[in-house]
Protein chains: 2
Amino acid sequence: MDENTGIFYGLSILVVALSFLFAFYLYFWVKKKKTENKEIERISLLIKEGAVTFMRREYRILFRFAFIFFLLITLLLPAPIWNGNVMNNLMMGISYILGTAISALAGRIGVLVATLSNARCAEASEKSMKDAFLIAFRGGSVMGILVVGCSLLGVALVLMITSDASVVLGFSFGASSLALFAKAGGGIFTKTADVAADLTGKVELNIAEDDPRNPAVIADNVGDNVGDVAGMGADLFDSNVAALASSVVIASSLSGSYNNIGMILTYSFVGIIASCLGIACARMKKEGEPTRALNASTYTTTAIFIILTLIITLLVDGFSIRIWLSSTTGLIVGVIIGLTTNYFTDDRCPVVKKVAKASASGSAFTILSGISYGFISAFPAIIGIAFSALISYKLCQGMGEGYALFGISMSAIGMLSIVGMIISNDAYGPIVDNARGLAEMGGLSENAIKTADELDSAGNTVKAVTKGFSIAAAGLTVISLLGAFLTETNEALLSRGLPVLTGFDLMAPEVFFGILAGSAVPALFSAMLILGVDRNAQKMVKEIHRQFDEIEGLREGKANADYNRCIDIATIGALKELIPAGVMCIVTTLVVGLIGGSEAIGGFLLGNITVGLLLALMLSNSGGLWDNAKKYVEAGAEGGKGSHAHQAAVIGDTVGDPFKDTAGPSINTQITVVSLVASLTSSIFALFSIF
Amino acid sequence: MDENTGIFYGLSILVVALSFLFAFYLYFWVKKKKTENKEIERISLLIKEGAVTFMRREYRILFRFAFIFFLLITLLLPAPIWNGNVMNNLMMGISYILGTAISALAGRIGVLVATLSNARCAEASEKSMKDAFLIAFRGGSVMGILVVGCSLLGVALVLMITSDASVVLGFSFGASSLALFAKAGGGIFTKTADVAADLTGKVELNIAEDDPRNPAVIADNVGDNVGDVAGMGADLFDSNVAALASSVVIASSLSGSYNNIGMILTYSFVGIIASCLGIACARMKKEGEPTRALNASTYTTTAIFIILTLIITLLVDGFSIRIWLSSTTGLIVGVIIGLTTNYFTDDRCPVVKKVAKASASGSAFTILSGISYGFISAFPAIIGIAFSALISYKLCQGMGEGYALFGISMSAIGMLSIVGMIISNDAYGPIVDNARGLAEMGGLSENAIKTADELDSAGNTVKAVTKGFSIAAAGLTVISLLGAFLTETNEALLSRGLPVLTGFDLMAPEVFFGILAGSAVPALFSAMLILGVDRNAQKMVKEIHRQFDEIEGLREGKANADYNRCIDIATIGALKELIPAGVMCIVTTLVVGLIGGSEAIGGFLLGNITVGLLLALMLSNSGGLWDNAKKYVEAGAEGGKGSHAHQAAVIGDTVGDPFKDTAGPSINTQITVVSLVASLTSSIFALFSIF
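Residues numbered from 1 in each chain as written. Chains lettered and ligands numbered in written order. Predicted model: local features only at pLDDT ≥ 70, side-chain atom pairs only at ≥ 80, totals over all residues. Heavy atoms only, no water.

1. Structural notes on the interface of chain A and chain B
Logical step 1: Across the contact, 68 residues belong to chain A and 69 residues belong to chain B.
Logical step 2: Around 6600 Å² of area is buried between chain A and chain B when both sides are counted, 85% of it from carbon and sulfur atoms.
Logical step 3: Taken together, the connections running from chain A to chain B amount to two salt bridges.
Logical step 4: Measuring nitrogen to oxygen at the nearest pair gives 2.5 Å for the salt bridge that ties lysine 394 of chain A to glutamate 510 of chain B.
Logical step 5: Between chain A and chain B we count eight residue pairs in polar contact (both at pLDDT 80 or more) in total.
Logical step 6: Contributing elements (two or more residues each) for the side of chain A that touches chain B: helix H5 (165-205), helix H11 (363-397), helix H14 (446-495), helix H15 (509-550), helix H16 (563-634) and helix H17 (644-680) of chain A.
Logical step 7: The element contributing the most residues to the side of chain A that touches chain B is H11 of chain A, with 20 residues.
Logical step 8: Looking at the side of chain A that touches chain B residue by residue, the class counts come to 52 nonpolar, twelve polar and four charged. (Contact = heavy atoms within 4.5 Å. Buried area = accessible area lost by both parts, 1.4 Å probe. Salt bridge = Lys/Arg side-chain N within 4 Å of Asp/Glu carboxyl O. Polar contact = N/O pair within 3.5 Å; in protein donor to acceptor, adjacent residues only side chain to side chain. Helix = DSSP H or I, 4+ residues; strand = E, 2+ residues; numbered from the N terminus. Nonpolar A, V, L, I, M, F, W, Y, C, P; charged D, E, K, R; others polar.)

2. A few points about the state of the cysteines
Logical step 1: Overall, the coordinates contain zero disulfides over all chains when judged by the stated rule.
Logical step 2: Here cysteine 150 of chain B stays unpaired: no disulfide links it, and the sulfur of cysteine 276 of chain B, its closest cysteine neighbor, is 12 Å away. (Disulfide = S-S within 2.5 Å.)

3. Considerations on the packing of helix H9 (residues 321-345) of chain B against helix H14 (residues 446-495) of chain B
If you want to describe how two helices pack, look at the angle between their axes and the distance between the axes.
Residue and element names in this part refer to chain B.
Logical step 1: The contact between H9 and H14 brings their axes to 8 Å, and the two run at 135°. Comparing their axes, H14 and H9 come out oblique. The handedness of the crossing between H9 and H14 is right-handed. Of H14, the residues touching H9 (which contributes Leu331, Gly334, Val335, Ile337, Gly338, Thr341, Asn342 and Thr345) are Thr461, Ala464, Val465, Gly468, Phe469 and Ala472. (Axes fitted to C-alpha atoms, helices over the stretch in contact; angles between N-to-C directions. Parallel < 35°, antiparallel > 145°, perpendicular 65-115°, else oblique. Left-handed = near helix turned anticlockwise from the far one by under 90°.)

4. Focus on the relation of the copies chain A and chain B
Logical step 1: Superposition of chain A onto chain B requires a rotation of 180° combined with a translation of 0.0 Å along the rotation axis, giving an RMSD of 0.0 Å. What we have between these two chains is a two-fold relation. By C-alpha distance to the rotation axis, the residue of chain A lying nearest is aspartate 505 of chain A, at 2.1 Å.
Logical step 2: Residue by residue, 100% of the interface of chain A is reproduced at the interface of chain B, so both copies engage with the same surface. (Least-squares fit on C-alpha atoms with pLDDT ≥ 70 in both.)

5. Things to note about the side chain of lysine 191 of chain A
Residues and elements named next belong to chain A.
Logical step 1: Residue placement: lysine 191 occurs in helix H5.
Logical step 2: Judged by relative accessible area, which is 3%, lysine 191 ranks as buried.
Logical step 3: Of the polar contacts made by the side chain of lysine 191, one reaches the side chain of aspartate 194; its length is 2.8 Å.
Logical step 4: If we ignore the near neighbours within four places in the chain, the residues touching lysine 191 are Ala196, Val533, Asp657, Pro658, Lys660, Asp661 and Thr662. (Buried < 20%, exposed > 50% of the residue type's maximum accessible area, 1.4 Å probe, protein only.)

6. Regarding a nonpolar patch on the surface
Logical step 1: The grouping of Ile7, Leu11, Leu14, Leu18, Leu21, Phe24 and Phe28 of chain A at the surface amounts to a nonpolar patch, some 710 Å² of accessible area in total.
Logical step 2: Along the polypeptide, leucine 14 of chain A turns up in helix H1 (residues 3-31). (Patch = residues over 30% accessible without salt bridge, like charges linked within 9 Å, V, L, I, M, F, W, Y side chains within 5 Å. Areas by Shrake-Rupley, 256 points an atom, 1.4 Å probe, with all protein chains shown as cover.)

7. Some thoughts on the UniProt feature "site: Determinant of potassium independence" (unreviewed entry) in chain A
Residue and element names in this part refer to chain A.
Logical step 1: Following the UniProt record, one finds the feature "site: Determinant of potassium independence" (unreviewed entry) at Lys463.
Logical step 2: By the secondary structure assignment, lysine 463 is in helix H14.
Logical step 3: Using a relative accessible area of 14% as the deciding quantity, one classes lysine 463 as buried.
Logical step 4: The contact partners of lysine 463, leaving out residues within four places of it in the chain, are Asp228, Asp426 and Asp661. (UniProt positions renumbered as here; feature names shortened; annotations may be inferred.)

8. Some details on the confidence of the model for chain A
Residues and elements named next belong to chain A.
Logical step 1: Looking at chain A, pLDDT values average 89 and 99% of them are 70 or higher.
Logical step 2: Element-level pLDDT for chain A is lowest in helix H18 (residues 682-687), with a mean of 80, against a maximum mean of 94 in helix H7 (residues 260-281).
Logical step 3: Listed scores for the predicted complex are pTM 0.92 and ipTM 0.90. (pLDDT = per-residue confidence, 0-100.)

9. Topic: the nonpolar core
Logical step 1: Core analysis: the biggest nonpolar cluster contains 511 residues, and Leu506 of chain A together with Leu506 of chain B have the highest contact counts within it.
Logical step 2: Of the residues forming this core, the biggest block, 32 residues, is contributed by H16 of chain A.
Logical step 3: Excluding its chain neighbours within four sequence positions, the residues that come into contact with leucine 506 of chain A are Val511, Phe512 and Ile515 of chain A together with Leu482, Phe504, Val511, Ile515, Gly602, Gly603 and Leu606 of chain B. (Core = buried A, V, L, I, M, F, W, Y, C linked by side-chain atoms within 4.5 Å.)

Dropping the structure here:
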């Protein structure tokens, strides 16, 4: 670390510290809001306990797992410990564990704040939508700020202490591997409960969504927290760290007079500043729509980031305007992708209406049209990512050898700069979803439920946009991880005096083999998760039927349901299913490397990214589309609630649930994990393979 | 053409001529079987008229289209006519038209024989399953033999006359472009009718599949012919010609002492001989299962091909045993892929049973599990294709520069060698499907219907296997087309004295851009076709409702349904929908080439192949899986007909219909067309592009 970059480390840590203070302020602001309704308090506590229990059991398994990885990493990476430097290996192992721990912590705190905010938001909705909105939003923001702060802090600390970019990959792998399992586990939990609750409640018994008679209702609310809050937080923490790590690795191989590390750190902390300012400004006008308030603060953050980075880039010596252009391209493309996603999932746009209309002819048409539009919706997003990569590459190509890839990685950093804001918007969703349930179960007024409903609906709309955004960001990140993999492989080859790879020729048989193998992995991975939900939800449906059959008076609301049995089924099922899919991805990567070496892995990453992006977008968007088509029908279209179209739309929504909340967003993490495994093991496969 | 290859041309033409004689024999053998039942004759005529009318209207549109292409090709390819050789361009244009004409003719003859065989098969099923089987199988074989014969004849003639491998690409493009539209149009027609007939008949009215009261029943039977016979014939004609064309293009750039063209021709005509022998041997034992008879003849053909080619390769000078190994690898991998497909779609295997069981919990579970297993089923097939390409490459690499790619193309030729047999098996399906309908509508005995049912069920099982096989073959073919594209591009570059491309580096931004763009195309293409079916089937459902409401006595079977209105709706809808999807693929290829040049196109082809294979396999297999799960429930599992599980299984089957018979198999053709467009236009984009 020379003097030139020292100041940027200092500033990064300062900004992170200030942002943490701001998060504390928001936390206490939410906490000091009063709760009065005993029933809401009781149920909110049940939800919190369910979530905490699940996470404790989940983390117990994951840390056992992480410990094995820690040992393997310390033994083998960056080079087998008997050949290399013991200190290096230890550093790698420790930063891996640090990555997992911080990721787990962020998720845990997020759930803590979310379960604190949900009751307060529910009670506030009795009085004012404005207040209820602010409680939910600020509650979500606490995790948003923590996640971005921790990402930068972790990367900066590891880099300051070790001065070794490769070790940052270890940190990133820690974050990703935890995220992979947390996202898969949380996703399976939440959709098991959601699907089972919907199918029995809405379809069979014809009771409202959050009716306390439904034994799965608490499990459903717990799921929102462990899946959407903790899982999604881990997911975006992972993308953010991976983008930073790949930029750092690529930057470390660059020469020239640019201050590349300084630029990475600066763009990252400016992103935190912009997000905090955006969060601070978020307000709902008395008569305004919550969606508008959420979007307005996103645009504010975007504008602040673009302007601040432009000024800094022009003023600071060694910062390049070409990098700024790349970063801005990434960010703008991200926003555009968010908007096109919105087109496919917002019920004010024609697509949702068409799917609702198709539902009137039967559920087969709901499914067919939803899947088709899901595939179509992937097109603009993928083309956007492709252009963003192409433009950044061309912009930075002239700066020197290797700068083209650095440009792509900075375009990912740009896209992810507003991630603090994105997470706040995203975490807002499950909080208001919970609040809606609490309002209903706590017996609040019709008016309060309506207010909570409106807040919830805004959460759904915004969620689709942020999801498109985070998939696109993961896409750009893994492209730069592909660059990081090449850099790492060449370092390994150079250190043994072997000729370096200039790229991966897709006509080379090993590369081609890798591409095909990589393309099949995201499909297999999604299928395993969806089947996990499918299996568990069937079990839970049986349990719900049992309770209605055996507990007298439950149907009439005179007896209490046994909520814990349902929470247990979701917990045990999720814990059982989350390991195989994750392990499959890691093992396949290693097997392909063993067969075809570095070239096969290069192809493997590419195939994995390509199909992963397509499936993630398709699954998330068709899921969002079905969800909103159902809401659109429930609001009165095509015959409204109880109609033939409604039944079909509910089936569409049920199919969409594991698409959009289990498989789709887990693919993000899957492609990052595979890319990181490849980079970390590059030295092994550069030197040994069968073909 | 030197003396060394002259004999192979002669032998090819001789074998083709003999095979045509054999096809005539089979045709007359079927024709001389008697029909007696007047009702069956009447309905069979209705089906034939519907099919012929549709095809006439379809071909009228397609030939207008082909004429525009003919003009464009003659003007621009292989080089703009004002820069190049007028004769060359004219040859290219003529061979393009020849390709379309032969493809159209093969489809037309196939439908002719199929509509001749269906009635005869139905009547024979009254007496003997053995006879009924043979009529259906031999009827299908006529097209099988014609298709493989025409492929080889066309390629051999074009090559003999022009001695220019590039012109063969023009012939192949003619075949593919017609196949693309024929497959899409026929696929939309058949599933529009099938979906509408099932939804109204089975689900709403609870009448049998081929009940004559259903106004869509004739349209459904017409669809089997225009979709499954003509469309599928065009599809496999296209794959076969494309495999030959790409092998010829690659072979023409090779040097060395091997007789490569001779090998291509020989392997191809030995495939025809093996198929004819397999067809001639096909017999059902009196008590045997029809599935076993179909599979046995496939294995016979495979064995004959492997042994004959081995002997010839060992005996003939200039033939290489490494090429034989590649070809055999391709064929064996194809058979293995067929068997794994069978595992996922046969109701004697656990997957179908699991999906049937999931149906008992509701249709959402049917859909979720079916899609998941569809994704999983793609894994072994893709890995198989990947290994087949890797092994062929490695086997032939040592033979000289460029031989590695030739090895892959010969592995595709090997896989496709038994295509005559595959088509015969495939065309058997719609014939017995029609026969089943005719038996029911013609009032044949319960016993005859049961016999026809059994034959039909065998058709479904075998169809899944042949479909997996033909997708895999298309996969290997397009890999070799990627090689052909590189060869063509380099010829264009060399002729202008520019440096040649050594490959496509996936880290190059244009290549990467192309890959992402290419990956989105098969998804968009499938979505457009599925939405086409979705829209048209909704229209037809409305028409059926109208007829039941307005035609008095229809429900009671006292009045006749207006079949022609339904045929009209399917015809008009299919003709309207088939153009946009096909044009989209061609235009996207040109736009990507214009943006990123040859490198972007190389990437584009790869992305297109990768995602195309995955989606084709997933869509075909999940469709087949649902179809058989429904049949399995109908046979009595999970409550049998009319149960809750049955309703869910029918919805799964309806979703699967356009998956497996419209989108899935059309993707095959789509990836071939895109690859051929790329090869043909290579000289343009090698010299001009924006980036």
